[in-house]
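Each chain, letter by letter, is given below.
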Amino acid sequence: MPTHALLRRASALALALALSGAAAAQTPPAGKTPAAAPAAPADPAAVVATVNGQPITQADIAIASDDPALSLPGVDEAQKKNLLVDYMVDLKVGAQAAEAAKVGESPDFKRKLAYFRDKLLLDDYLEQEAKKAVTPEAEHAIYDTSVKLMKPEEEIHARHILVDNEAEAKKIAARIKGGEDFAKVAAETSKDPGSKAEGGDLGWFTKERMVPDFATAAFAMQPGQVSDPVKTQFGWHVIKVEEKRTKPQPTFDELKEQIDQHLIRKSQQDLILKLRAEAKIDRKDAPAATPADPMTPAAPPPPAVK
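Residues numbered from 1 in each chain as written. Predicted model: local features only at pLDDT ≥ 70, side-chain atom pairs only at ≥ 80, totals over all residues. Heavy atoms only, no water.

### Here we look at the overall build of the protein chain
Part 1 of the reasoning: Of regular secondary structure, the protein chain possesses nine helices and six strands.
Part 2 of the reasoning: Sorting the 306 residues of the protein chain into buried and exposed places 26% on the buried side.
Part 3 of the reasoning: When the accessible area of the protein chain is evaluated, it comes to approximately 20,700 Å², of which 58% is carbon and sulfur surface. (Helix = DSSP H or I, 4+ residues; strand = E, 2+ residues; numbered from the N terminus. Buried < 20%, exposed > 50% of the residue type's maximum accessible area, 1.4 Å probe, protein only. Areas by Shrake-Rupley, 256 points an atom, 1.4 Å probe, with all protein chains shown as cover.)

### With respect to the pattern of salt bridges
Part 1 of the reasoning: Counted by the stated rule, this structure contains 19 salt bridges.
Part 2 of the reasoning: The salt bridge involving Asp108 is made with Lys112; its shortest N-O contact spans 3.3 Å. Taken together, the residues span about one helical turn, with Asp108 and Lys112 both in helix α4 (residues 107–133) at a distance of four residues.
Part 3 of the reasoning: For Lys119, the salt bridge is made with Asp123, and the minimal N-O distance between the two is 3.3 Å. Here Asp123 and Lys119 lie together in helix α4, a separation of four residues that amounts to about one turn.
Part 4 of the reasoning: Note on Asp123: relative accessible area 9%, which makes it buried.
Part 5 of the reasoning: Among the charged side chains, a salt-bridge network with shared partners connects Arg175, Glu180, Lys184 and Glu188. (Salt bridge = Lys/Arg side-chain N within 4 Å of Asp/Glu carboxyl O.)

### Points about the packing of helix α2 (residues 58–65) against helix α3 (residues 77–100)
A pair of packed helices is characterised by two quantities: the angle between their axes and the separation of those axes.
Part 1 of the reasoning: Two numbers describe how α2 lies on α3: the axes approach to 10 Å, and their chain directions differ by 100°. Taken together, α2 and α3 sit at an angle that is classed as roughly perpendicular. Across the interface between the two elements, Gln58, Asp60, Ile61, Ala64 and Ser65 of α2 pack against Lys80, Lys81, Leu84, Val85 and Met88 of α3.
Part 2 of the reasoning: Partitioned by chemical class, the residues of the contact of α2 with α3 number five nonpolar, two polar and three charged. (Axes fitted to C-alpha atoms, helices over the stretch in contact; angles between N-to-C directions. Parallel < 35°, antiparallel > 145°, perpendicular 65-115°, else oblique. Contact = heavy atoms within 4.5 Å. Nonpolar A, V, L, I, M, F, W, Y, C, P; charged D, E, K, R; others polar.)

### Here we look at unusual backbone geometry
Backbone phi values are negative for most residues with the exception of glycine, while trans is the configuration of most peptide bonds.
Part 1 of the reasoning: Backbone geometry at Asn52 places phi at a positive 50°, although glycine is not the residue there.
Part 2 of the reasoning: The topology assignment puts Asn52 in the loop between β1 (47–51) and β2 (54–57).
Part 3 of the reasoning: For Asn52, a relative accessible area of 72% translates into the label exposed.
Part 4 of the reasoning: Here the phi dihedral of Lys102 falls at roughly 60°; this positive angle occurs in a residue that is not glycine.
Part 5 of the reasoning: Here Lys102 lies in the loop between α3 and α4.

### Considering helix α7 (residues 182–189)
Part 1 of the reasoning: Within α7, the full set of buried residues consists of Phe182, Val185, Ala186 and Thr189. The buried residues of α7 occupy one face: seen down the axis, they fall within an arc of 105°.
Part 2 of the reasoning: At its buried positions, α7 is contacted by β3 (154–163), α6 (166–177) and β6 (235–246).
Part 3 of the reasoning: If you check the start of α7, you find a side-chain oxygen 3.3 Å away from the backbone N of Ala183, and it comes from Asp181. (Arc of directions from axis to C-beta. Polar contact = N/O pair within 3.5 Å; in protein donor to acceptor, adjacent residues only side chain to side chain.)

### What to know about the sheet that holds strand β4 (residues 201–206)
Part 1 of the reasoning: The strand order across the open sheet built from four strands is β4-β3-β6-β5, with neighbouring strands paired in antiparallel fashion. Sheet topology places β4 and β5 (230–232) at the edges, where each strand pairs with a single neighbour. Averaged over all pairs of adjacent strands, the angle between strand axes in this sheet comes to 45°, irrespective of strand direction.
Part 2 of the reasoning: Relative to β4, β3 runs antiparallel, the two sharing four bridges. For Arg159, the partnering residue across the bridge sits in β4 and is Asp201. (Pairing = 2+ DSSP bridges.)

### What about the confidence of the model for the protein chain?
Part 1 of the reasoning: Mean pLDDT over the protein chain stands at 84; residues scoring 70 or higher make up 80%.
Part 2 of the reasoning: Every residue in residues 1–14 scores below 50 in pLDDT, and together they form ten contacts with partners more than four places removed in sequence or on other chains.
Part 3 of the reasoning: When the criterion is pLDDT under 50, residues 292–306 qualifies, and its contacts beyond four places in sequence or with other chains add up to 22 contacts. (pLDDT = per-residue confidence, 0-100.)

### Observations concerning the nonpolar core
Part 1 of the reasoning: The biggest cluster of nonpolar side chains holds twelve residues, and these are Ile161, Val163, Ala169, Ile172, Ala173, Ile176, Phe182, Val185, Ala186, Val226, Trp236 and Val238.
Part 2 of the reasoning: Elements supplying a minimum of two residues to this core: β3, α6, α7 and β6.
Part 3 of the reasoning: It is α6 that contributes the most residues to this core, four residues altogether.
Part 4 of the reasoning: Residues within four places of Ile176 in sequence aside, it is in contact with Ile161, Phe182, Val185, Val226 and Val238. (Core = buried A, V, L, I, M, F, W, Y, C linked by side-chain atoms within 4.5 Å.)

### Some remarks on α6
Part 1 of the reasoning: Here α6 contains twelve residues, and its C-alpha end-to-end distance of 16 Å stays within 8% of the 16 Å for a straight helix at 1.5 Å per residue.
Part 2 of the reasoning: Of the surrounding elements, those touching the buried residues of α6 are β3, α7 and β6.
Part 3 of the reasoning: In the segment just after α6, Gly179 is the residue with positive phi, at about 120°. (Expected span 1.5 Å × (residues − 1).)

### Thoughts on the pairing of β2
Part 1 of the reasoning: Here four bridges tie β1 to β2, and the two strands are oriented antiparallel to one another. Considered in β2, the bridge of Val51 is made with Gln54.
Part 2 of the reasoning: With antiparallel pairing between neighbouring strands as the criterion, β1 and β2 make up a hairpin whose turn holds two residues, including Asn52 at a positive phi of roughly 50°.

Written out as C-alpha cells, the structure reads:
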C-alpha cells in the first residue's frame, strides 16, 4: 500500500478513535447547553503543544485542518481543534520514532519524499496562478461572450396528470374540461410522485427536458389549454399549459461559479502546456511515432486546484 494511502488510513483511524472518546467526554448534561464563546483570531505562530521539545503551532493545525483526509463534518470548531492537536501530537511522536529508526535515509523513502515535494510545489503554484486568472474583467468578458452565443429558447410552465391507461386518462380529461380544478384532480389521481403533491405542477421547462411525445404535445398547446390523453413510455398524461415565454438569460451571478471554474482550468492547462513547450524533455521510453490524431488532446488535463 502506498505511504500516502497508509497515512490517510492512519489519520482516519486516529481521528475516529479520538472523536468517539471526545464525544463521550464532552456531551453536556441533558437540558444544559454550553455557552459558545466568541472565537478570537488565532496567532499562526502560537505554540499549542510540544513533543519532546518540538513545537506544534497554530499554523501546523491550520495545515492539518485543510487536509481532506482529516475532514470532520458536523464537529464544532473547539472539538475539531482538540482532535487535530491530538492527531498532530501522534504525527510528531511517530515521525520522531521513524527518524530515530533512520526510515528517512532509505532510497525508497527519498524518492517518495521528492515526489510529494514536487506535487505540493506544483499544486501550490497552480493555485497561485489560477487566482491571478480569476479577475472581474475576465469573468465579465466570458459572461458577455456566453450570453451573446445563447439562442432564445421557448419554455412553458405546465401541469400534468399521469395514469396507467388511456381510458382513465380520457375520464380525467373530461372532468377537467368539464370545469373541475386541474390541481385538485391531479392530487387525487396522478401516479407521478414528483408532482402529485404540487397539483401536477412541473414548473418551467424547455422542450429538450421532456421526453419527445410529451414535449411535442405540450409545446403545441396554448396557455389555458388542456390536452387529450398523451402516451409516453411512462404511461398516459393529461397536460395543462399554464404559461409560455422566452427563457430568461441567466444572470452573471448564476453563471459566476461556472465561469470561475472555466478560467481556473484554462489557466492551469495553458500554464502546463507553456512549461512543457519551454522545457527540454527527453523521453527515453517514447513510443514509435504514429500519425497525429486530431481528436487527441495535446496534453492531459492539469492537476486540479486543491
